[in-house]
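Here are the chains, one letter per residue:
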Amino acid sequence: MRSIWRTLDRALARDIGLVCLADCLVGVSYGAIAVSSGFPVWAPMLMSLLVFAGASQFMFVGIVAAGGNPFAAVLAGLLVNARHLPFGFALGDVFGKRWAARIAGSHLMIDESVAFALAQKDAHRRRAAYWACGIGLFVCWNVGVLVGAYAGTAISDTDAFGLDAAFPAVLLALVLPALKDRAARLPVLVGVVVALVATPFMPAGLPVLLALAGVLVGVAVKEPELQEVA
C-alpha cells in the first residue's frame, strides 16, 4: 500500500483528492435525501458499504420514494451497473492475482477510479491511481453518507437546501467533457429525449431504463464506422 502512495505524483494526488471531496458532498446529499424520504438511518449507510455505487443508490432511493416497486429499483440499479463488466476486462491487470485483492478491487470499481486508472500510461501508475482513488472514494463516500443520514433526521425538506440537485450536478459535470466527442452526442441526446418523453406516462424508474436506448443507438452508429476502418 505504501508503494501506491509513493507512485502518485502531486498533480494526480491533488486531482484524486478533489474528486473525493466532491464525492463526500454528494454522499451527504444522498444520506439526507434517503432518510428524509422515509428510509431508516441505517439503510443508506448499509447500502453504501455493500453496494458502493452512487448512481444505483440514488436511483433505488428515488424510485422507491416515488412509489415505485423495489424490484424495479433493484433491476434499474443492476442495469446501470452492467457497465462494470467491460470495466473489469479493461482493468483486470490492476487487481493482482490474489482473490482477496480481486474481490476488493471489484468492489471499489466505480466510474472515477476507472477513469483515473485508464488515463495512466504505465501499469504501475494505473494500479496506484485505481487503488488510491477507489479507497479514497470509499472512505469519503461513506463518511458523507453517515453525516447526511443523521442530518436527514433533522431536515424535513431536502429540496429547500438544494440537496436533490447535488448528484445530478456531479453527473452533468462528468458527462459534459464527453460531449466534446461527436460520436457521444447522439446517444446522450436520444437517451435524454426518451427519458423526458416517457416520464409523464410511465412509473418511476422505467424512463431511466428506457433511456438506455441511447446506448443501442450509439452502438448501431459506431458499428458501420468500425467496419469501414477494418
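Residues numbered from 1 in each chain as written. Predicted model: local features only at pLDDT ≥ 70, side-chain atom pairs only at ≥ 80, totals over all residues. Heavy atoms only, no water.

Student: What am I meant to see in the overall build of the chain here?
Tutor: In terms of helices and strands, the chain carries 13 helices and zero strands. For the chain, the proportion of its 230 residues judged to be buried stands at 36%. Within the chain, residue pairs in contact and separated by at least 24 positions form 69% of the contacts whose partners lie at least 6 positions apart. Carbon and sulfur atoms provide 71% of the accessible area of the chain, an area that totals close to 13,300 Å². (Helix = DSSP H or I, 4+ residues; strand = E, 2+ residues; numbered from the N terminus. Buried < 20%, exposed > 50% of the residue type's maximum accessible area, 1.4 Å probe, protein only. Contact = heavy atoms within 4.5 Å. Areas by Shrake-Rupley, 256 points an atom, 1.4 Å probe, with all protein chains shown as cover.)

Student: What is the right way to read the packing of helix α7 (residues 99-107) against helix α9 (residues 123-152) from this model?
Tutor: The description of two packed helices rests on the angle between their axes and on the distance between the axes. Look at α7 against α9: their axes get within 10 Å of each other, and the N-to-C directions meet at 60°. Our classification of the angle between α7 and α9 gives oblique. The handedness of the crossing between α7 and α9 comes out as left-handed. Contact residues: α7 offers Ala 101, Ala 104, Gly 105 and His 107, while α9 offers Tyr 130, Trp 131 and Phe 138. Its residues assigned to classes, the contact of α7 with α9 comprises five nonpolar, two polar and no charged. (Axes fitted to C-alpha atoms, helices over the stretch in contact; angles between N-to-C directions. Parallel < 35°, antiparallel > 145°, perpendicular 65-115°, else oblique. Left-handed = near helix turned anticlockwise from the far one by under 90°. Nonpolar A, V, L, I, M, F, W, Y, C, P; charged D, E, K, R; others polar.)

Student: Explain the environment of Leu 49 here, please?
Tutor: With respect to the helices, strands and loops of the structure, Leu 49 is situated in helix α3 (residues 42-50). Not counting chain neighbours up to four residues away, the residues in contact with Leu 49 comprise His 107, Phe 138 and Asn 142.

Student: Honestly, helix α4 (residues 54-65) in this entry has me stumped. Any pointers?
Tutor: In an α-helix, one turn spans 3.6 residues, which is why side chains three or four residues apart end up on the same side. The first and last C-alpha atoms of α4 sit 16 Å apart over 12 residues, in line with the 16 Å expected at 1.5 Å per residue. Of all the residues in α4, the buried ones are Gly 54, Ser 56, Gln 57, Phe 58, Met 59, Phe 60, Val 61 and Ile 63. A positive phi of about 95° marks Gly 67, the residue just after α4. (Expected span 1.5 Å × (residues − 1).)

Student: Honestly, the packing of aromatic side chains in this entry has me stumped. Any pointers?
Tutor: Any pair of aromatic rings gets described here by the distance separating the centres and the angle formed by the planes. As enumerated under the stated definition, the model contains six aromatic pairs in all. For the ring pair Phe 39 and Phe 60, a centre distance of 6.2 Å and an interplane angle of 50° mean the geometry is tilted. One end of the pair, Phe 39, is in the loop between α2 (10-36) and α3; the other, Phe 60, is in helix α4, with 21 residues separating them in the sequence. For the pair formed by Phe 39 and Phe 60, the shared burial category is buried. Feature note: the residues Tyr 30, Phe 58 and Trp 141 constitute an aromatic cluster, connected by ring pairs. (Phe/Tyr/Trp six-rings, centres within 6.5 Å; stacked < 30°, edge-to-face > 60°.)

Student: Can you walk me through the nonpolar core in this structure?
Tutor: Within soluble globular proteins, side chains that are nonpolar tend to cluster in buried spots. Core analysis: the biggest nonpolar cluster contains 38 residues, and Ile 16, Tyr 30, Val 61, Tyr 130 and Trp 141 have the highest contact counts within it. Elements with a contribution of two residues or more to this core: α2, α3, α4, α5 (70-80), α8 (111-118) and α9. Among the elements that line this core, the one with the most residues is α9, at nine residues. Dropping the residues within four chain positions of it, Tyr 30 is found in contact with Pro 44, Met 47, Ser 48, Gln 57, Phe 58, Val 61, Trp 141 and Val 145. (Core = buried A, V, L, I, M, F, W, Y, C linked by side-chain atoms within 4.5 Å.)

All we've got here are geometric facts, nothing functional implied.
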